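# Analysis of the macromolecular model
This is what each chain is made of:
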Amino acid sequence: MLRIIFFILFISIANIDYAQELAAIDQRKLNAIENTIELDVNQKQQIQDVFFKYAVLLSDIDKQISNTQKSDIPEEQIPLRVSAYNQDKKDLRELRELEIKGILNPSQRLVYEEKIQPEKPQVLHFGLHDRANCNVCVK
């Protein structure tokens, strides 16, 4: 019984640590969701859980990338492995988006897609620029 209590305490402390490890960009996005969309208490907790779950997974991939770059594998294999890890990170972010959208009701999802996570334009054009004032991106 005492082991179970320590295990639960450990998991609770681990979740607090994960909350502190949320990337700045993810924290801003979570704040935008909470401030822009009217969520009930259950939805708010579910979305926070999604962010923290994926933060751990993304952090693990970052550690794998770091270990790969420091490892003694042949130099020509490193970019291929790092590229595969970066694709894994992209896939995880897409899954996170799907989970977030699954938590929201249709009207909340509309606000989310318009204000927080608008789709990128299908047209490819070059350079860093202000998307809000770009004639191609605004369309």
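Described below are features of the structure shown in this document. This is a predicted model, so every value here is computed, not measured.

### So, the overall build of the protein
Looking only at helices and strands, the protein features 6 helices and 0 strands. In the protein, the succession of α and β elements from N to C terminus is α-α-α-α-α-α. Taken over 139 residues, the protein has a buried fraction of 25%. Taking the contacts inside the protein whose residues are at least 6 apart along the sequence as the reference set, 60% of them involve residues at least 24 apart. As displayed, the protein offers around 10500 Å² of accessible surface, 56% of which is attributable to carbon and sulfur atoms.

### Brief notes about the layout of surface pockets
The calculated volume of the largest pocket comes to roughly 510 Å³. Taken together, 14 residues make up the lining of the largest pocket; nearest its centre are R93, E94, E97, Q117 and K120. At the level of secondary structure, the elements contributing two or more residues to the lining of the largest pocket comprise α2 (24-36) and α4 (78-103). Per-element tally for the lining of the largest pocket: the top contributor is α4, with 7 residues. Among the residues making up the lining of the largest pocket, the classes are represented as 3 nonpolar, 1 polar and 10 charged.

Conventions and cut-offs
Residues numbered from 1 in each chain as written. Predicted model: local features only at pLDDT ≥ 70, side-chain atom pairs only at ≥ 80, totals over all residues. Heavy atoms only, no water. Helix = DSSP H or I, 4+ residues; strand = E, 2+ residues; numbered from the N terminus. Buried < 20%, exposed > 50% of the residue type's maximum accessible area, 1.4 Å probe, protein only. Contact = heavy atoms within 4.5 Å. Areas by Shrake-Rupley, 256 points an atom, 1.4 Å probe, with all protein chains shown as cover. 1 Å grid on protein atoms, 1.4 Å probe; cavity = no way out; pocket = protein on both sides within 12 Å on 5 of 7 lines; lining within 4 Å. Points joined across faces, edges and corners; volume = space filled by probe spheres on them. Nonpolar A, V, L, I, M, F, W, Y, C, P; charged D, E, K, R; others polar.

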